[in-house]
Structures are given as structure tokens and as C-alpha cells.
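# Commentary on secondary and tertiary structure
Chain by chain, the residues:
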Amino acid sequence: MRIDILTLFPEMCNTVMSESIIGRARQAGKVEINCIDIRDYTLDKHRRVDDKPYGGGMGMIMAPQPIYDCYLDLCDKIGSKPHLIYLTPQGKTLTQQRVKELARLENIALLCGHYEGIDERVIDALEPEEISIGDYVLTGGELPALIVADAVSRMLPGVLSGDECFEEESHFSSLLEYPQYTHPAEWQGREVPDILLSGHHANVDKWRREQSLKRTLERRPDMLDNAELSKEDKAFLSNLKRD
């Protein structure tokens, strides 16, 4: 898979994407991530990419021409149109389900806005998918783009050691993950649950499933509407609700 990040801060994005699991995946050729400087496409001799908003107001607006030309050049280089995503607080909130869908694509391009946003005309021209990472505002789209790139990359074959690394995580199956423990078995008077020390894998799996259901009911009951629940799951949840 190829991911292109269209940004005013390519070094920032490349630094983050070169570390840890994603960095190793890039080196191994499991995912291709490119950080493209939008400033390289401005026609302004001072490399300006922004200007004051028409109608007045605070801040600056990113001009349409550099963004448009940057995307068109990317299309020419790839030989096709990558799926374009504009990171904006006005977009639909990112979900794990959407991450799974994006991971099936061959090419995605992530457009990072900055300042007070980008000229609406380039949005109308390119018609990107608009994605938000939450109901709050950041100084630019770089951090949201890195989050999308990370979330998508880790779903690709060979990036993690196995599918089980993400299949039991929170949100993957519309449930929150069960509690996790490691050594030592006792810490500050708090002990690891006995079931996890029993060596009985079936009982451990049952306990983890129940803990996942319990945690989801307590913290995110809305997620249960989309979860695939067995008869045993439903019975367990009913007993919890009665208690």
C-alpha cells in the first residue's frame, strides 16, 4: 500500500513515520509512506501558500493552487487518482471500521490543512473524503494524518506479527479490550487474577470475553449495538444488568 501525506511540514511527518513499528514496516517494504511538501508547488517566489480570508476575520487561509497542483502531480506520478482524505474537524469521525476499509485500498493521500483551513474551492474541485479524529481543534492536519497513517498501516499484512495482534483490540469487533497483566504476579498488594495463572486456556478465553463485555457495558454501552454477540454473551450481559 502507498500512503502520501500532503503537508507543509514533511520533515515532522517523516520523523514520526520513521519510528517504531511503522518505521520498520517502511524499511521492510510492507508500506510505502511519502511526505510531500505543498510549498514545492506554490507559484509565489517567497513560497507562500496562504493569504488573508475574503470578508475579513482572524488567521490565514491556505490557497487552492498549491494544493491542487500538488495533488495533480501526485496523480501523474502514480498513474491513477489515490483516494484523497482531507483531515478536518468538520469531517466524519474516524472509526476502526473505516480504518479497515481504507486498509484495503492501494493508494490513499492525506491532505493536511493548516492555519484557519483551506480555500473551499479546492475542496469542491477535488471532492476529498473528510475525516475528523474527534470533536476538538488542532493547529494543523499533520497529527490527524499521522494517526490515520498509523492506524491503516498496522492493519496491513506483515506489519504486525499476526492478525491476532489487532483482532482482540478495543473497537476491532465493537467491544473494548479485556484487562491485560504482566510480571510480577503481585505488585503493590495488587495481584494478577488467578484465572490468568491457571494455564487453562479455555477458561482464560472465557474470562477475557466476559471482561471485554463487562468493560464495554460499563464504559461504552453504545458499542454493543454493533457487536456480534452469542447467546452466552447476551445472557452474561443480562445478568450484569440485573446486578
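Going by the structure above, here's the rest.
Read on for a plain summary of the structure. (Residues numbered from 1 in each chain as written. Predicted model: local features only at pLDDT ≥ 70, side-chain atom pairs only at ≥ 80, totals over all residues. Heavy atoms only, no water.)

## A few points about the sheet that holds strand E1 (residues 2-7)
The criterion, for reference: Each pair of strands is called paired provided DSSP finds at least two bridges between the two strands. For helices the rule is a DSSP run of H or I covering at least 4 residues; for strands it is a run of E covering at least 2, with both sets numbered from the N terminus onward. Here an angle of 0 to 180 degrees is reported between the N-to-C directions of two axes, which are lines fitted to C-alpha atoms, with helices fitted over the stretch in contact. We call two residues contacting when some pair of their heavy atoms lies within 4.5 Å.
Within the open sheet, the 5 strands sit side by side as E2-E1-E6-E5-E7. Their pairing is parallel. Two strands in the sheet have a free side with no partner beyond their single neighbour: strand E2 (32-37) and strand E7 (129-132). Averaged over all pairs of adjacent strands, the angle between strand axes in this sheet comes to 30°, irrespective of strand direction. Of the pairings in the sheet, the one linking strand E5 (residues 83-93) to E7 comprises 5 bridges and is parallel in character. Among the inter-strand pairings, isoleucine 85 is bridged to a residue of E7, identified as glutamate 129. Against the sheet, helix H6 (residues 142-153) touches E1, E2, E5 and strand E6 (107-112), its axis set at about 175° to E1.

## Some words on the pattern of salt bridges
Note on pairing: side chains with opposite charge can pair once their charged atoms come close. Rule in force here: Just to be clear on terms, a salt bridge is a Lys or Arg side-chain nitrogen sitting within 4 Å of an Asp or Glu carboxyl oxygen. Exposure categories follow from relative accessible area, calculated using a 1.4 Å probe and restricted to protein chains: below 20% of the type maximum is buried, above 50% is exposed, and the middle band is partly exposed.
Within the structure shown, the criterion is met by 12 salt bridges. Ionic pairing is found between arginine 98 and glutamate 101, a salt bridge with its closest N-O pair at 2.8 Å. Residue arginine 98 and its partner glutamate 101 are located together in helix H4 (residues 96-102), separated by 3 residues, close to a single helical turn. Since its relative accessible area comes to 28%, glutamate 101 is described here as partly exposed. When salt bridges with common partners are traced through the structure, they connect Arg2, Asp4 and Glu32 into a single cluster.

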